[in-house]
Amino acid sequence: VQLQASGGGLVQAGGSLRLSCAASGRTFGNYGMGWFRQAPGKEREFVAAISWSGGITRYRDSVKGRFTISRDNAQNTVYLQMISLKPEDTAVYYCAADWAPTSSVQTAMHEYRYWGQGTQVTVSS
């Protein structure tokens, strides 16, 4: 599976961005998907995840109510809609994928074998 993340950029605090992650190479519909981020000098952390059906989602507490993960299996793409962005959201955002049971989401890095290259999100104050 190859993953291509896009949609990052520079935005002012309170602004919005939508990240996309396009997958290719394998059957996308059986894969759980996730977004992680890594700020300078910090470890990579979980942001959001979605089950292969799209019916189950998980978020880190600090982004609940501001970020929404979704997927379009017909387009082999997962999205992360981000609103009310804060300077502390500044990081490189990575999408990840791996096979998952029907009704589960993966929230840990070790649960994903496939990773995209990352897209920079910078939120200015």
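Structure's up top.
Reading guide: rules and limits
Numbering of residues begins from 1 in every chain and follows the order in which that chain's sequence is written. In keeping with the model being predicted, local features are shown solely for residues with a pLDDT of at least 70 and side-chain atom pairs are shown and tallied solely at 80 or more, while totals for entire chains, interfaces and linings include all residues. Think of the side-chain values as coming from all heavy atoms in the structure, minus any hydrogens and water. Counting from the N terminus, the helices are DSSP H or I runs at least four residues long and the strands are E runs at least two residues long. Any pair of residues with heavy atoms lying within 4.5 Å of one another is described as a contacting pair. We call a residue buried when its accessible area falls under 20% of the maximum for its residue type, exposed when it is over 50%, and partly exposed in between, using a 1.4 Å probe and counting protein chains only. Strand pairing is defined by DSSP finding a minimum of two bridges between the two strands. Only the six-membered ring of Trp is used, alongside the rings of Phe and Tyr, when aromatic pairs are assigned; centres must lie within 6.5 Å, and planes under 30 degrees apart are stacked while those over 60 apart are edge-to-face, with the rest tilted. For a Lys NZ or an Arg CZ to count as sitting over a ring, it must be within 6 Å of the ring centre and within 35 degrees of the ring normal.

Q: Just checking my understanding: could you explain the environment of G116 for this structure?
A: Following the sequence through the fold, G116 ends up in the loop between β10 (114-115) and β11 (119-124). Linking G116 and A22, residues 94 residues apart in sequence, is a C-alpha distance of 9.0 Å. Ignoring sequence-local partners within four residues, the contact set of G116 consists of L3, Y94 and C95.

Q: I'm lost on the pairing of strand β8 (residues 77-82) in this one. Help?
A: Two faces, one strand: in a regular strand the side chains alternate between the faces of the sheet. Burial within β8 is extensive, with 5 of its 6 residues counted as buried. The pairing of strand β3 (residues 17-24) with β8 spans 6 bridges and is antiparallel. Bridge pairing links S20 to Y79 in β8. Once strand β7 (residues 67-72) ends, the chain turns through 4 residues before running back antiparallel as β8, passing N76 with a positive phi of about 50°.

Q: How should I be thinking about the packing of aromatic side chains in this particular structure?
A: Geometry of an aromatic ring pair is reported as the spacing of the ring centres plus the angle between the planes. Tallying each qualifying case throughout the model produces 5 aromatic pairs. A ring pair is formed by Y31 and Y114, whose centres lie 6.2 Å apart and whose planes are at 45°; its orientation type is tilted. Of this pair, Y31 sits in strand β4 (residues 31-38) while Y114 sits in strand β10, and the two are 83 residues apart along the sequence. The burial state of Y31 is the same as that of Y114; both residues are buried. Both rings, one in F36 and one in F46, keep their centres 5.7 Å apart while their planes meet at 70°; by these two values the pair is edge-to-face. With F36 in strand β4 and F46 in strand β5 (residues 45-50), this pair connects stretches of sequence that are 10 residues apart. Of the residues examined, F46 reaches a relative accessible area of 13% and is grouped as buried. Here a set of aromatic residues connected by ring pairs shows up, and it is made of F36, F46, Y112 and W115. Against the face of Y94 rests R44, its NZ or CZ located 3.6 Å from the ring centre. In this arrangement the basic side chain of R44 is found over the ring face of W115, its NZ or CZ atom lying 5.1 Å from the centre.

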